[in-house]
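A closer look at the structure
This is what each chain is made of:
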Amino acid sequence: WALLNFLLPDIFTSADDFNSWFDITDKQVEQEVISQLHKVLKPFLLRRVKADVEGSIPPKTELIVYTQLSPMQRDQYKNILKRDMDALYSSSSATLAQNKSRLMNLVMQLRKCCNHPYLFEGVEDKSLPPFGDHLVTNAGKMALLDKLLMRLKSQGSRVLIFSQMTRVLDILEDYCAYRH
């Protein structure tokens, strides 16, 4: 409702009106309501397909490559697990609901550790230069990425990197400044 109120304030004046117009309590009409909403939103949405924008881009190739954690990451990973050991052990079905958010947080912390140890405050040695080899050597993924990017650059390839974590992109920016 908030998006439609922003786009068309004269039509979508209140959330109550919106709820009455697009009532999805009945599962049989849910699909019809969704298609109505799509029709209302379509003029405001821009969806572009790669082929429409740039036809010379080759098809995406995906390759899964496994790598090891760096020694710094391994120590950090163990410390994270040790810190939340009781959440792991008390994960019986009765306490699972209580610990679910704690376990989800633990998984996120482990994901951050696997991406790069500098995603945690206070881990990066401030006495080292901000753009240095430590960006690569302290993370297994960065060491592998460094090798891959060097090879791809020598072949004249272009690379597009996505990440769900914006702070990983910040570290990649530092890496690019270092290797430039």
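The preceding data block contains the structure.
Keep in mind the model is a prediction, meaning the values are calculated, not measured.

**Some thoughts on a nonpolar patch on the surface**
Taken together, M85, L88 and Y89 make up a surface patch of nonpolar side chains, about 320 Å² in accessible area. Inspection of the secondary structure assignment puts Y89 in helix α6 (residues 85-89).

**Thoughts on the pattern of salt bridges**
Pairing of side chains with opposite charge becomes possible as their charged atoms draw close. In total, this model carries 3 salt bridges according to the counting rule given. Here D133 ties to R179 by a salt bridge, and the two come within 3.9 Å at their closest N and O atoms. Of this pair, D133 sits in the loop between α7 (93-115) and α8 (134-137) while R179 sits in helix α10 (residues 166-179), placing them 46 residues apart in sequence. For R179, the salt bridge goes to D146, with nearest N and O atoms at 2.9 Å. Taken together, the residues R179 in helix α10 and D146 in helix α9 (residues 140-154) connect sequence positions 33 residues apart. R179 sits in the partly exposed class, given a relative accessible area of 30%. Within this structure, D133, D146 and R179 form a network of salt bridges that share partners.

**A closer look at the layout of surface pockets**
Put simply, the largest pocket is a space of about 1,700 Å³. Lining the largest pocket are 34 residues, with T61, V159, L160, I161 and F162 sitting closest to its centre. With 8 residues, α9 is the single largest residue contributor to the lining of the largest pocket. A breakdown of the residues in the lining of the largest pocket according to their chemical character gives 20 nonpolar, 7 polar and 7 charged. The calculated volume of the second largest pocket comes to roughly 320 Å³.

Procedures and definitions
- Residues numbered from 1 in each chain as written.
- Predicted model: local features only at pLDDT ≥ 70, side-chain atom pairs only at ≥ 80, totals over all residues.
- Heavy atoms only, no water.
- Patch = residues over 30% accessible without salt bridge, like charges linked within 9 Å, V, L, I, M, F, W, Y side chains within 5 Å.
- Areas by Shrake-Rupley, 256 points an atom, 1.4 Å probe, with all protein chains shown as cover.
- Salt bridge = Lys/Arg side-chain N within 4 Å of Asp/Glu carboxyl O.
- Helix = DSSP H or I, 4+ residues; strand = E, 2+ residues; numbered from the N terminus.
- Buried < 20%, exposed > 50% of the residue type's maximum accessible area, 1.4 Å probe, protein only.
- 1 Å grid on protein atoms, 1.4 Å probe; cavity = no way out; pocket = protein on both sides within 12 Å on 5 of 7 lines; lining within 4 Å.
- Points joined across faces, edges and corners; volume = space filled by probe spheres on them.
- Nonpolar A, V, L, I, M, F, W, Y, C, P; charged D, E, K, R; others polar.

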